[in-house]
Amino acid sequence: MDRHILVVDDSPTLRTSLTFCLENAGYQITEAENGQEALEILKRLKEEGTSISLIITDINMPVMDGIRFIQEVKTTSFRFVPILVLSTETGRSLKDQAKAAGAAGWLLKPFRPEQLLWVIKKFIR
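Residues numbered from 1 in each chain as written. Predicted model: local features only at pLDDT ≥ 70, side-chain atom pairs only at ≥ 80, totals over all residues. Heavy atoms only, no water.

K.L.:
Can you help me understand the nonpolar core in this one?
P.N.:
In summary, soluble globular proteins display a tendency toward joint burial of nonpolar side chains. By size, the foremost hydrophobic cluster in this structure holds 25 residues, and its most contacted members are Leu 6, Val 8, Leu 42, Ile 52, Ile 55, Phe 69 and Val 73. Those elements that place two or more of their residues in this core are β1 (4–8), α2 (35–48), α3 (66–73), β4 (83–87) and α4 (92–101). For this core, the element with the highest residue contribution is α2, accounting for 5 residues. In this structure, Phe 69 is in contact with Leu 6, Val 8, Gly 35, Ala 38, Leu 39, Leu 42, Ile 55, Thr 57 and Met 64, ignoring residues within four places of it in sequence. Counting 18 residues, the second-largest nonpolar core is a separate cluster that includes Val 7, Leu 14, Cys 21 and Val 119. (Core = buried A, V, L, I, M, F, W, Y, C linked by side-chain atoms within 4.5 Å. Buried < 20%, exposed > 50% of the residue type's maximum accessible area, 1.4 Å probe, protein only. Helix = DSSP H or I, 4+ residues; strand = E, 2+ residues; numbered from the N terminus. Contact = heavy atoms within 4.5 Å.)

K.L.:
Explain the sheet that holds strand β2 (residues 28–32) here, please?
P.N.:
Two orientations exist for strands paired in a sheet by backbone hydrogen bonds: parallel and antiparallel. The strand order across the open sheet built from 5 strands is β2-β1-β3-β4-β5, with neighbouring strands paired in parallel fashion. In this open sheet, the two strands that pair with only one neighbour each are β2 and β5 (105–108). Neighbour-to-neighbour, the strand axes of this sheet turn through a mean angle of 20°, independent of strand direction. In this fold helix α1 (residues 12–24) packs onto β1, β2, β3 (54–57) and β4, with an angle of close to 170° to the strand it touches most, β2. In the packing of α3 onto the sheet, the strands contacted are β1, β3 and β4, and the crossing angle to β3 comes to about 160°. (Pairing = 2+ DSSP bridges. Axes fitted to C-alpha atoms, helices over the stretch in contact; angles between N-to-C directions.)

Set out below in structure tokens:
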């Protein structure tokens, strides 16, 4: 199975940290800094015939937030790709919105690398 993950977060530091952790675990990573850029990357990957195994997204981002990004992904050919939210937000309402939009999981920042890898293995075997 493909082990390609799209990481969407406006923090370059967090994207770098996630990429380091996940590449060391054997995953291929593509990064985007917001939902709009991520949708453009997904469109390009589709044209190239490249698949994605998992999307990890933040909620609070400029240009296009995580909730809208999840809603948009679910209207594309990538609609069956699991989406994991990685956020500092703890509110039940926002979690419910993400779940209703199609998010498959929610992990709080900060996180331990082993915790992230354990959650990812639930989606990518």
